[in-house]
Amino acid sequence: IKAYRKDYNEIEFELGTNQEEKLAKVISGDRVLNIYAPEISVSFSSEIKTVTADKKIKIYLPVEYSFYDRRKQERVEPTKTCYVSFQHNKQMLRKSIFDISLGGIAIILSKSDKILITKGKQFDIFTLDIGLRKMKVKAECTNSFNIDPYKFDNLPYGGFKVAFRFIDISKEDKAFLSEFVAHQKLTQQVTKKAN
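Quick notes on the side chain of Asp 173
Then comes step 1: Counting through the fold element by element, Asp 173 comes out in helix α2 (residues 171-194).
Then comes step 2: Residues within four places of Asp 173 in sequence aside, it is in contact with Arg 133, Met 135 and Lys 136.

Structural data, given as structure tokens:
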């Protein structure tokens with residue numbers, strides 16, 4: 001994307017090197033360009049305004065957008081501190097859970113933690129402490145990304161958010177987790193209404 005011009009009702013794109021063939025695949029016969037931006041989970045279709053000789057494409061601003069929820073399950077931040085314990089590089093770690101869903105959890109690591117967990121790394125022993133309940137699950141790291149400084153009060157220098165999905169969890173633990181997440185969600189909605 002080269003430019004967004006609201007006054008001219010257009011978005012301007014520039015083709016990368018050797019992209020002409022790929023362009024033909026995304027333009028339908030009625031000169032409509034179909035766009036999906038997975039990073040922000042939005043898609044739209046828009047009519048082509050012009051295509052110039054120097055590989056610039058201008059489309060009209062779309063009238064409608066479709067947004068997609070990438071998450072399959074509702075995520076909540078626990079109101080009381082919950083923990084996860086797991087072994088990484090022969091070191092036992094115990095971290096507080098930042099958010100939790102039926103499908104997984106996320107933790108926050110400070111830059112001083114010096115822990116690097118790669119995407120796809122599996123943990124056979126992953127223990128969740130939620131209230132008085134201990135749950136042993138198998139988990140896999142699905143994502144790790146930087147957190148800007150001062151985004152969270154306790155992380156003035158920034159850090160990392162690491163997400164895990166559960167690969168194996170017992171029926172009983174899943175039922176407990178379902179009830180826990182639902183209760184947390186209701187608690188948060190009541191708190192928001194009170195404020």
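Observations regarding the pattern of salt bridges
Then comes step 1: Going through the model one piece at a time under the given rule, you end up with 12 salt bridges.
Then comes step 2: Across the pair Glu 10 and Lys 49 runs a salt bridge whose closest N-O atoms are separated by 3.0 Å. With Glu 10 in strand β2 (residues 10-14) and Lys 49 in strand β4 (residues 42-51), the pair connects residues that are 39 residues apart, well separated along the chain.
Then comes step 3: For Lys 49, a relative accessible area of 26% puts it in the partly exposed group.
Then comes step 4: It is possible to trace a salt-bridge network through shared partners that takes in Lys 2, Glu 14, Asp 54 and Lys 56.

Overview of the environment of Arg 5
Then comes step 1: You can see Arg 5 is positioned in strand β1 (residues 3-5).
Then comes step 2: Separated by 55 residues in sequence, Arg 5 and Tyr 60 place their C-alpha atoms 9.6 Å apart.
Then comes step 3: Once residues within four sequence positions are removed from consideration, Arg 5 is found in contact with Glu 10, Glu 12 and Lys 58.

Some words on the nonpolar core
Then comes step 1: Formed by 27 residues in total, the largest nonpolar core has its most connected members in Phe 86, Ile 100, Ile 105, Phe 126, Leu 128 and Phe 164.
Then comes step 2: When contributions to this core are tallied by element, the ones reaching two or more residues are β7 (83-88), β8 (91-100), β9 (104-110), β10 (122-130), β11 (133-147), β12 (159-168) and α2.
Then comes step 3: Within the second largest apolar cluster, 11 residues are counted, among which are Phe 13, Leu 23, Leu 33 and Leu 61.

Describing the sheet that holds β7
Then comes step 1: Here we have 6 strands rolled up into a closed barrel, ordered β7-β8-β9-β12-β11-β10, and antiparallel in their pairing. Strand-to-strand twist across the sheet, computed as the mean angle between neighbouring axes with direction ignored, equals 45 degrees.
Then comes step 2: The pairing of β9 with β12 spans 7 bridges and is classified as antiparallel. The partner of Ile 108 across the bridge, within β12, is Lys 161.

A few points about the packing of aromatic side chains
Then comes step 1: If you walk through the whole model with that rule in mind, you get 7 aromatic pairs.
Then comes step 2: Between Phe 176 and Phe 180, the ring centres sit 6.5 Å apart and the planes meet at 15 degrees, which makes this aromatic pair stacked. With a gap of 4 residues between them, Phe 176 and Phe 180 both fall in helix α2, about one helical turn apart.
Then comes step 3: In this structure, Arg 94 packs its charged tip against the face of Tyr 83, placed 3.9 Å from the ring centre.

Some points on the confidence of the model for the protein chain
Then comes step 1: Taken residue by residue, the protein chain gives an average pLDDT of 83. The fraction at 70 or more is 83%.
Then comes step 2: At the level of individual helices and strands, the protein chain shows its lowest average pLDDT in strand β6 (residues 66-67), which scores 66, and its highest in β10, which scores 95.

Comments concerning unusual backbone geometry
Then comes step 1: Phi is positive for Asn 89, close to 50 degrees, though the residue is something other than glycine.
Then comes step 2: With respect to the helices, strands and loops of the structure, Asn 89 is situated in the loop between β7 and β8.
Then comes step 3: Classification of Asn 89 by relative accessible area gives exposed; the value is 65%.
Then comes step 4: In this structure, Lys 90 takes a positive phi of about 60 degrees despite not being glycine.
Then comes step 5: For Lys 90, the location among the structural elements is in the loop between β7 and β8.

The rules behind the values
- Residues numbered from 1 in each chain as written.
- Predicted model: local features only at pLDDT ≥ 70, side-chain atom pairs only at ≥ 80, totals over all residues.
- Heavy atoms only, no water.
- Helix = DSSP H or I, 4+ residues; strand = E, 2+ residues; numbered from the N terminus.
- Contact = heavy atoms within 4.5 Å.
- Salt bridge = Lys/Arg side-chain N within 4 Å of Asp/Glu carboxyl O.
- Buried < 20%, exposed > 50% of the residue type's maximum accessible area, 1.4 Å probe, protein only.
- Core = buried A, V, L, I, M, F, W, Y, C linked by side-chain atoms within 4.5 Å.
- Pairing = 2+ DSSP bridges.
- Axes fitted to C-alpha atoms, helices over the stretch in contact; angles between N-to-C directions.
- Phe/Tyr/Trp six-rings, centres within 6.5 Å; stacked < 30°, edge-to-face > 60°.
- Lys NZ or Arg CZ within 6 Å of the ring centre and 35° of its normal.
- pLDDT = per-residue confidence, 0-100.

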